[in-house]
Every structure is written in structure tokens, then in C-alpha cells.
Amino acid sequence: MEYDFRNIEANWRKKWAQDESYKVTEDPNKKKFYVLDMFPYPSGAGLHVGHPLGYIASDIYARYMRHKGYNVLHPMGYDSFGLPAEQYAILTGQHPAKTTEQNIARYREQLDKIGFSYDWSREVRTSSPDYYKWTQWIFGLLFNAWYDLETNKTCPISELIAKFEDNGSYGVNAHMDEEWWKTYLLEADHIFSAHFEGEFTDTDWKGMTEAQKEALLMNYRIAYLADSVVNWCPALGTVLANDEIKDGVSERGGHPVEQKKMRQWSMRISAYSERLIADLDTIDWPDNIKEIQRNWIGKSSGARIRFQAEKEVTIEVFTTRPDTLYGVSFLTLAPEHESVEVLTSEEQRNAVMEYVANSKLKTERERMAEKKISGVFTGSYAMHPLTGEQIPVWIGDYVLAGYGTGAVMAVPAGDQRDYDFAKHFNLEIKNIFAESDLSEKAETSKDALLANSDFLNGMNYYAAFDAVCERLMEIGAGEKRVNYRLRDAVFSRQRYWGEPFPIYYENGIPRLINTEELPTELPDVDAYLPTESGEPPLARATNWERNGMPMECNTMPGWAGSSWYFLRYMDPNNHSVFASEERIKYWGQVDLYMGGAEHATGHLLYSRFWTKVLFDLGYIPFNEPFKKMINQGMILGRSSFVYRIKDSNTFISFERRKEFETQRLYAAISLVDNDKLNIEGFKNWLPEYANAEFMLNENGEYTCGWEVEKMSKSKYNVQTPDELIEKFGADTLRCYEMFLGPVEQSKPWDTKGINGVHNFLRRFHRLFLENETFAVSSEEATAAEMRVVHKTIKKITEDLERFSWNTVVSAFMIATNELTDLKCNKRQALEPLVVMLSPYAPHLAEELWKDLGHSTSVMNESWPVAESKYLEDDNFEYPISFNGKTRFFLSLPVGMSGADVEAQVLAHESTAKYLEGKTPKKIIVVPKRIVNVVM
RNA sequence: GCGCAUGUGGCGUAAUUGGUAGCCGCGCCAGACUUAGGAUCUGGUGCCGCGAGGCGUGGGGGUUCGAGUCCCUCCAUGCGCACCA
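Asks: What is the right way to read the overall build of chain A from this model?
Replies: Looking only at helices and strands, chain A has 31 helices and 37 strands in total. Taken along the three principal axes of its C-alpha coordinates, chain A extends 100 × 85 × 75 Å. Looking at chain A residue by residue over its 935 residues, the buried ones come to 54%. Restricting to contacts in chain A with at least 6 residues of sequence separation, those with at least 24 account for 71%. Counting every atom, chain A has about 42,400 Å² of accessible surface; 48% of that belongs to carbon and sulfur. Between the mean site of the 104 positive side-chain charges and the mean site of the 137 negative ones, chain A shows a separation of 5 Å.

Encoded structure:
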């Protein structure tokens, strides 16, 4: 009976489902292992062959760990809130829940066919009210929390209120905007004096109204509502977080993004910057992801320095090079800087106003694209804190309002941008370096020695840094300071298909809905668009209120639900807590997380952030979610092209395309085999090609051109797993995807090689056959056969331990080839191979295991152990090299001493020939490796 | 511009610590079987050379008895950040 994969796979799929073979339960007597895939957004297009690459790899590892005796948690679910379903709803009026439901059904069908060992009883969907109830609950935790810089921990807001009651803001060291009172006035009747600088007493606090207290607390909450400058995307009708923007346009759809001041919910992730960087050292993630996160968080150490300007204005700057302080020749403010208005002199007023207005008009992207140097003098001066010199204050849009203090001290000698600015406006360039030529460019080396810098003369950056900071501290003009690029994350989206906030407004004060009343379910609306007045879609709901008080109309962003889903899998049906304490304790961190690198600055950062919050508040016993992560590469498509002669319906073969002026058009890859076009199929493909004519190559064929690019519907290059499973089976697909190369690597999809892998499974199957029927021998396997088996056990085990999925397939092939050559059909030799094959080809392995007479599933068998007695060999075939070049081989006993090996080599007849009459200078003998004769 | 990663046959790749470069598969060539095959089986296949042999892991240099692997430098490709002071 030939390898009948269709029947085999269908039968086992059914049996696994019936028996709930992959259900796992917590078992304190067994060691746990948690293998997780990044759950997918269920799009309408379904899965293509690229999606399952990581799923297959993690499934193999999960099955392997199960064979090793671990209790393996390997769940799957859906990140089911999202834009496409909403956009489809806008077009068709169909409720996104329905579209989502259909897409999930399709995904499930496709996933099931591949033979994954998911415990589907633990499925989660972020859009299900049972799930988002707990997303809302976590939002509540964040709302009711603040960040204590004393203990470096997230703490309940009640503790902060107690501190205020007790001693006002004195002794409170919280992460917040340090100058919150400047931008966030406490409503109408200001209770503090004009000189208020952020500190208040318990009497002040007690004297505040409810609204004032709440407004003040907003500056401390981790989830907070504030007027902030956000990235507004008019085309999508919503705000976007920084990580949702690539190259100045929206990641989804590529629409322009503008800066807009809006009252929005935000997450105080910036409080966690240092921990998010430091804890990277405690997790086993790919270096490039860690590096991306480090860059994104953007830590830089420097100093804050204050310059006293005219009109009682103090300009504070942030610099990473305080050592160059003596080289300051001007200050530059961002156009949005708060002091621009007051510092502008009468003579300069028009010029400044024009410049500031112009900057405002430009989008971020335009500012970026514009390489032109621009700026304007304010007409004011500030005093150098050490020299007392008067320094001109300029405005320039190369200074960003959102970073540091929005003001810089310009040192043309030590910074290229300042240098360019100075050259352009003919400002002074003070040379503060002993040996640097500043005629062409600035000196940016930290090793350059300082000059013309008073007490810093002769020092380099490292020495001068501390010296100057110390001096600034003494005179109160500045101090050391660490700055981060990471901004707080906007958490509001003006969309329908997302989690509603558990928030209503009582006289404008945001109030949290009690846990007992959750979930706050999405209301029905008549359309999924913003209202006429520009309010989010939820504003359309007729009874979107609580006891007559209005509900929050924004919804949460896509990353809310995915920031904690790995915890819900542990206890998905719990109605009283997000996951029980015992279960969280049992399953702990994700041991292996598999997914794409594209989430480096989004999901992977946000889930780390939420994990730290939950850890600080005592809900989970670990502060990093994913212990080890592997990023699978992208599988690219290989698009095919036909060449239509301009203004005709005639297509010319690839080889001859240059004879005419042609237009390159996509041809569906299903119509192309080995770059040859199926002409009849092509004519029937699209109506416009029905009457197409063809100019063929010399072999009478039509050759297509090709290119490797991302798989996409519009490129007609999408390869779905379904058709390959139909043709070759899921086991072949699984093995083939692994065989393609290292999982981390991106590679073009190439269907050609799949035959070879399919063949391997057939040949493996054939080992168990005699005259087309199942037949294995009970005889003892020979030494040679056992050697093959144990060599393979060793190789495969080692490869899986180091996550080298591709080389395992190779090792299976070698074993199959060798056992075929040996005509081995011994049970003793074949059984361990079936066990080892089962993670890769679970259906075939189950079938063979059953045929071998077992009544239990192969997946519970323990992993075979390589026994060294089968691997040892008496002799080693030494490569004998002369000056590093291998010349011949010599088989010598393994235990032979180096001196004896040397003697044997010298005595060998071929040695004289390769010595060419010379005397060996030295002979290197590496036991069981190599002999090298040095001449 | 800064940071990170990757460069090995016609192609995908292999070579845990420096120790026989090219395993396994695709493709290609030859043969067998077959009415036929995009089936199956057998053999061959880095490049140059009839051969002996020489040359070969992006280029150049170095360390070493020995380098795909370590160091320096340059180049190419991909990814991330990008006026971040």
C-alpha cells in the first residue's frame, strides 16, 4: 500500500479531535513548558504559506518537549479587533463581529488541516466580551496606578492620595511631566499662587474641589487623559501611536499623518524606559530585536543646563556633551518652545511670527524631507552660566519640541548640525579643541582634548563630563540627566471595532466602571463611521451612557488585547479573575515565543510594559512575559510576469520581450509551471485575456519573467497551504517548510523542492513495506543499522535543542537513505525513528505507530536516547594534510597516541611523495580530527 | 548619517568549540523501466584542466601548523532609527 497521505491525515485529524488529544491540564507533578505563537489577526484573505512557518516550528518544538516528558501549554487564538473588519463594515454595513466570525472559521479550517497540536479548548479572541472584560479590568488597574520613583514600582493611586492627604506633594517622587502645571492648568479658579512650581501642601490638597483633585491626579496616573500632540491620520479618521507610523505615513494604508493637539487617553510607558532597557539583559531574545527596542527607547546620558535669559526667562537645555559648554555660541529653541513669544524682540517679531507659523503648517514628514537649514533670531540674549557671556537665542526647526527640553545649546565646534547652522547664519564658531581643524566640519570625537575651556582644558569628554557637571551643580545651573526618546503611548482610537473604555464622565470627570459591572460591551450603531460632528463611531449609539452620564466614545488600540493574551490562555474560562493565581504560578513565563520581528516596537514593547505593571501590583510573579523568543523570517512570493506588446493583445515570451515595447503584467502563479505559461489557462483566467495571442520562444513555449516580492493578492503570487496539502499532504508541507532553511531567515517560496521532501516521506514509509503491504521484522537489528539509528537520534536531538529545525529534516533523509541501502526493516531500528518523526510528520507517525501494533498514541512516547555503545568506532579515518592541504586518508585506532599516529603517518608510502624530499618541521596531531604535516 | 544582521555551487542550504568546505534537497546530465509521464529506480554533478594538478566560502590584508569560522578594512544586500542635541 503506497503512502496514502489523504486518508491517513483525514483519519488522524478526526481521531485527534474526537479524543481531544491535545488538551492539557495543569499537573503539579509534571514540569511545565509554555510554547506560544503570536496569534494572528484573522484577515479575509486566509493563510498563505508564510503564516504557518513559525507555527510549524513551534508545534514541532512543543511536540518534542512533550516527548521529553514536559506538560506543554501550546495554545492558539485570534487578535480579532482591527481595522480591516471595520472598513469592510463601513462599506457593507455588515457588523464587524460577523465578518470576524467568518474569517476565524476559515482560519481554523486551514490551521486544522496542518495538524497542529493546539489545545483549542483554551482559544481566546480579543474581541469576545469574555476576553475584553479583562482588558478593561487591566485598563482600570493602569488608571488607578502611578509610578513611584523611590521604589521604582507601579503603585495603587490610593497610596498617592494618602500621601497627599498626609503631606501634600512633599516627599512624593513620581514619574510625571515635571512641569505639568505649566501646560495643564487646574481649571478655572487657580488655587495656587502665581509662582507655583509644582509643590503643594496637604492643606492645598484638602482645599481642592473634587474636579481639581481629579485633574491633578491625571498627571500621575499610568493611564491618563491629557491634551497632547498626537499623530492624526485624516484618511483613517483616527490617531496613531508612533510605532504605527513608518516613514511619516500610516503603516496601514500609507496615508499622511499630521500633528494635532487632542484630548486623548495615553499610557505612561515612558516611566518604564529604564527597566525596559535594563531587563532586556535578562531575556533570551534575538539581538536585533533587543537592539531595535534599545534604539526605540533611545537612552542618552547628558546634562540639563540652565541659561538665564532676559525678561526673567530661564532656558533649560538638554545636552549629551556638557563638556563642550565653553563652545556655546548660541541657543536654539524649537518653534513651539514656550518662551519664544516672550523672548522675541519688537524688531524681530514679524520675522519670528512668520517663521513659527510656517513651521506649524508643515507636517512632520515635510520637515523631515526638507534638508534646508532654516531659523530666525529672537532678538534676545541669554547668559552663559560659567562665563557670563551674552549668547544670542535663535529659533530653528531642527530642534524638536518633543525631545529633551525643546531647546539646545549650540556648540558649532562639536556638533555638525550646530556647525551647519552657524555657517549658514554666519554665527561664531569657537574652537574649543586643542588639535582640531574646524574649517570643514565639526569635531565630534569624544577623545579630542579640550582647549579654551578654562578648568576643562586638556581633558577629553570623559574627564570633562564629570568635572563640568560638578561645577554646574555647585552653582545650581545644571545637573546630570538621562533622557529617553520613548514617548508615552496614545491609547485612544476613533474607531468602532475595538475595546470600549470602562469610563464614563461625571460632570466632565472621568470615572472608572466597577469590575463587577464589566464588561462594558460595544453598543450597536447605525453605521461604523464618525458622526457628522466628527465624534468617534460610538457616539452614534443611542444609549451610550451610564445613569445619564456620557460614556467614553473612543476605543482602545489594537495592542491592548495583545498585551496580555498569553496570560489568559492559562485560564481562559475564568469568570472571576483574568487568570487564577495558581495557574499563573504553574505556567509562568512563556518559555518559547515564536513570531515576526515586525512587532519589535509595538506589541513586544507594550506587552513587556503591561507585564511589569501586573508584576509591580502583585498580580503575576514575573516581570518579563517572554523568556525566549525566535523570529521566523518572512516567506516571500515569486511573482510571474507576462509581457504584452504595447497597444495590442499579443503577449511575447520573456526571451524576446526586448524586440518590442512591452508592458509587464502579473500572471497568476497557478498558471505557471517552471516559468512556462499555461496558455489555455491564462486565456480562461481573466475575460480581457480571452482573445490574447502569443509569440512563443524557439521551443514553442511561453516563458514568464519573475521577481521575488512580498506575497499579496494583487500580485497573484500567493501560495496557500491548502492546495499543497491537497497535493502532497500536511506532513510534507510541515517538513518542507522546515527544510527550506533556518526559520529566522527570509526566503522566497519555491514549490519545486517540495517533491524531494514528499519523496523522502514516501521512502520512509516504504521502509515498513514489503510487497506493498506492511511488514516489519522482529529480528535484532545489525550493528550497522543500530549505528545509523543512534547517530540519527544524537543528531536530531542536538539539532532540536539548538532550534535548528531545517537540519533535522536533512538528518531524517540521510537516515532513510542509509536504512534503505541496508534494506533494514527491523522494528528495533524503525520504532525510535517513528517517535522522532512524529513532531514533524504527526499523521504519518501515528499511522505507522498504529501499524506497528501500538494502541496508544505515538505522541506520548518518550524521546529516544542515543546510546554511545552504538556510536563508538574502533578506528578513525584521519585526513592527512601537508601544510594544511588534505592529501590522503589513513585509518588508525581511536586510542592510538599522538606519537604513534605521527610514526604511522611518516611510515606511510604516500608521505614521501608529498614531502617532496623535504623534512617535516613539525607534525600536528589532533586526536580523532586531523594530522597536519608542516614542511 | 547612526545601529544591527547577512554574503558559501545554477538554486535553497550544511559544516555546535578554528581541524576533510559543499551534507541534504532542487535543478541539470547520463542510463534503466515504461504505450505514456511533471511517475519510479541507478549513477554523475563546485570551477578550470585530457590528466597530474591547480583554484575556490563578497574583495583586500592579518593572526595561526591550520580560517567559511577569529581580528582589521573595504564592498554589496536587507532591516531598524533618523535633525533625538
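From this point on, the discussion continues.
Asks: Would you explain the protein's contact with RNA strand B in this entry?
Replies: The local shell around RNA strand B holds 53 residues, among which Thr320, Tyr398, Arg417, Glu798 and Arg929 are the closest. The contact atoms of RNA strand B, taken as those within 4 Å of the protein, divide so that sugar and phosphate hold 60%. Contacts to RNA strand B include Thr320, whose backbone N or O atom sits 2.4 Å from a sugar or linking oxygen. Within the side chain of Arg929, an N or O atom sits 2.4 Å from a base oxygen of RNA strand B. Those elements giving two or more residues to the surface near RNA strand B turn out to be α11 (287-297), β11 (314-319), α14 (364-369), α24 (754-766), α26 (805-821), β35 (885-893), β36 (922-926) and β37 (930-934). Of the residues forming the surface near RNA strand B, the biggest block, six residues, is contributed by α26.

Asks: Would you mind going over the environment of Ala463 with me for this structure?
Replies: Here Ala463 is to be found in helix α16 (residues 461-475). Exposure remark for Ala463: the relative accessible area of 38% places this residue in the partly exposed category. A sequence separation of 295 residues divides Ala463 from Gly168, and the C-alpha atoms of the two residues are 40 Å apart.

Asks: Help me understand the side chain of Lys747, please; the structure alone is not making it clear to me.
Replies: Relative to the helices and strands, Lys747 is located in strand β31 (residues 747-748). In this structure, Lys747 is buried with no salt-bridge partner, the nearest side chain bearing the opposite charge being Glu744 at 6.7 Å. Among the polar contacts listed, one links the side chain of Lys747 to the backbone oxygen of Gln745, at a separation of 3.3 Å. Once you skip the residues sitting within four places of it in the chain, Lys747 turns out to touch Leu53, Met634, Ile635, Leu636, Leu740, Gly741 and Pro742.

Asks: I tried to follow unusual backbone geometry on my own but got confused; where do I start?
Replies: Most peptide bonds are trans, and most residues other than glycine sit at a negative phi. Of note, the bond from Leu518 into Pro519 is cis; its omega dihedral lies within 30 degrees of zero at 0°. Unlike most non-glycine residues, Glu312 shows phi in positive territory, near 60°. Tracing the backbone through its elements, the reader meets Glu312 in the loop between β10 (299-309) and β11. One non-glycine residue, Asn507, adopts positive backbone phi at about 50°. Positionally, Asn507 belongs in the loop between β18 (503-506) and β19 (509-512). Asn507 sits in the exposed class, given a relative accessible area of 77%.

Asks: Got a minute to help me understand the side chain of Thr555 in this structure?
Replies: Its place among the elements puts Thr555 in the loop between β21 (549-550) and α17 (559-562). Within the structure, Thr555 has its side chain in polar contact with the backbone oxygen of Arg495 (distance 3.0 Å). Residue contacts for Thr555: discarding those within four places in its chain leaves Phe491, Ser492, Arg493, Arg495, Tyr496, Gly498, Glu499, Pro500, Phe501 and Leu538.

Asks: Please explain the state of the cysteines as it appears in this structure.
Replies: By definition, a disulfide links the sulfur atoms of two cysteine residues through a covalent bond. Applying the stated criterion to the full structure yields zero disulfides. Cys735 provides the cysteine sulfur closest to Cys824, a residue in no disulfide bond, and the two sulfurs are 20 Å apart.

Asks: Explanation requested: the packing of aromatic side chains in the structure shown.
Replies: Two aromatic rings are characterised by how far apart their centres lie and by the angle between their planes. With the rule as written, the count across this model stands at 73 aromatic pairs. Seen from their ring centres, Phe39 and Tyr565 are 3.7 Å apart, and the 5° between their planes marks the pair as stacked. Here the residue Phe39 occupies a position in the loop between β1 (32-37) and α2 (52-67), and Tyr565 occupies one in helix α18 (residues 565-568), the gap between them amounting to 526 residues. Comparing Phe39 with Tyr565, the two get one shared label, buried. With a centroid separation of 5.4 Å and 25° between ring planes, the pair formed by Phe330 and Phe421 is classed as stacked. One end of the pair, Phe330, is in strand β12 (residues 330-333); the other, Phe421, is in helix α15 (residues 416-425), with 91 residues separating them in the sequence. Residue class for Phe330 comes out buried when judged on its relative accessible area of 0%.

Asks: Where do I start with the sheet that holds β36 in this structure?
Replies: Sheet strands pair by backbone hydrogen bonding; their relative direction is either parallel or antiparallel. Read across the sheet, four strands follow the order β35-β34-β37-β36 without closing on themselves; strand pairing throughout is mixed. One side of each edge strand has no neighbouring strand; the edge strands of this open sheet are β35 and β36. Taken over all neighbouring pairs, the strand axes of this sheet differ in orientation by 20° on average, direction set aside. Direction of pairing for β36 relative to β37: antiparallel, over a ladder of five bridges. The residue of β37 that forms the bridge with Lys922 is Val934. Helix α30 (residues 898-907) contacts β34 (875-882), β35, β36 and β37 of the sheet and is inclined by roughly 120° relative to β36.

Asks: I'm lost on the packing of helix α4 (residues 96-114) against helix α22 (residues 721-728) in this one. Help?
Replies: Packed helices, taken two at a time, are described by the angle between their axes plus the distance between the axes. Contact geometry for α4 and α22: axes closest at 10 Å, N-to-C directions at 35°. The two elements α4 and α22 meet at a crossing, and its hand is left-handed. Contacts between α4 and α22 involve Arg106, Gln110, Lys113 and Ile114 from the first element and Pro721, Asp722 and Ile725 from the second. Grouping the constituent residues of the contact of α4 with α22 by class yields three nonpolar, one polar and three charged.

Asks: Teacher, can you tell me more about the sheet that holds strand β5 (residues 223-233) here?
Replies: Here four strands make up an open sheet; going across it, the order is β6-β5-β9-β17 and the pairing antiparallel. Strands with a single pairing partner mark the edges of an open sheet, and in this sheet they are β6 (238-240) and β17 (489-490). Relative to β6, β5 runs antiparallel, the two sharing three bridges. Bridge pairing in β6 places Asn231 opposite Leu240. Docked against the sheet, helix α5 (residues 129-143) engages β5 and β9 (258-267), running at close to 95° with respect to β9.

Asks: Could you clarify how one ought to interpret the confidence of the model for chain A in this entry?
Replies: If pLDDT is low for a region, its predicted coordinates should not be looked at in detail. Counting all residues, the mean pLDDT for chain A is 89, and 97% of those residues have values of 70 or more. No element of chain A has a lower mean pLDDT than α14, which averages 63, and none a higher one than α18, which averages 98. Our summary of model confidence lists the complex with pTM equal to 0.92 and ipTM equal to 0.93.

Asks: Please explain the pattern of salt bridges as it appears in this structure.
Replies: Between side chains of opposite charge, pairing is possible as soon as their charged atoms come close. For the structure shown, the criterion picks out 50 salt bridges. A salt bridge links Glu785 to Lys826; the nearest nitrogen and oxygen atoms lie 2.9 Å apart. Residue Glu785 is found in helix α25 (residues 783-801), and its partner Lys826 is found in the loop between α26 and α27 (827-837); the two are separated by 41 residues along the sequence. The residues Glu785 and Lys826 share a single accessibility class, namely buried. Three or more residues joined by partner-sharing salt bridges are found here, namely Glu26, Asp119, Arg122, Asp571 and Arg583.

Asks: Even after reading the chapter, I still don't get helix α3 (residues 83-92), so can you show me in this structure?
Replies: Given 3.6 residues per helical turn, the α-helix brings residues three or four places apart onto the same face. Those residues of α3 not exposed but buried are Leu83, Ala85, Glu86 and Ala89. The arc that holds the buried residues of α3, viewed along the axis, is 165°, so those residues lie on one side. Looking at the buried side of α3, the elements it contacts are α4. The first or second residue beyond α3 is Gly93, which carries a positive phi of 80°.

Asks: Would you take a moment to explain the pairing of β5 for this structure?
Replies: Within a regular strand, the side chains alternate between the two sheet faces. The buried count for β5 comes to eight of eleven residues, which makes it a mostly enclosed element. Strand direction decides the pairing type here: β5 and β9, joined by ten bridges, are antiparallel. When the sheet's bridge partners are listed, Ala226 is paired in β9 with Gln264. The antiparallel pairing of β5 with β6 creates a hairpin that spans four residues between the two strands, and Gly237 there sits at a positive phi of about 65°.

Conventions adopted
- Residues numbered from 1 in each chain as written.
- Chains lettered and ligands numbered in written order.
- Predicted model: local features only at pLDDT ≥ 70, side-chain atom pairs only at ≥ 80, totals over all residues.
- Heavy atoms only, no water.
- Helix = DSSP H or I, 4+ residues; strand = E, 2+ residues; numbered from the N terminus.
- Buried < 20%, exposed > 50% of the residue type's maximum accessible area, 1.4 Å probe, protein only.
- Contact = heavy atoms within 4.5 Å.
- Areas by Shrake-Rupley, 256 points an atom, 1.4 Å probe, with all protein chains shown as cover.
- Lys, Arg positive; Asp, Glu negative; His and termini not counted.
- Charge placed at Lys NZ, Arg CZ, Asp CG, Glu CD.
- Near = heavy atom within 4 Å.
- Polar contact = N/O pair within 3.5 Å; in protein donor to acceptor, adjacent residues only side chain to side chain.
- Salt bridge = Lys/Arg side-chain N within 4 Å of Asp/Glu carboxyl O.
- Disulfide = S-S within 2.5 Å.
- Phe/Tyr/Trp six-rings, centres within 6.5 Å; stacked < 30°, edge-to-face > 60°.
- Pairing = 2+ DSSP bridges.
- Axes fitted to C-alpha atoms, helices over the stretch in contact; angles between N-to-C directions.
- Left-handed = near helix turned anticlockwise from the far one by under 90°.
- Nonpolar A, V, L, I, M, F, W, Y, C, P; charged D, E, K, R; others polar.
- pLDDT = per-residue confidence, 0-100.
- Arc of directions from axis to C-beta.

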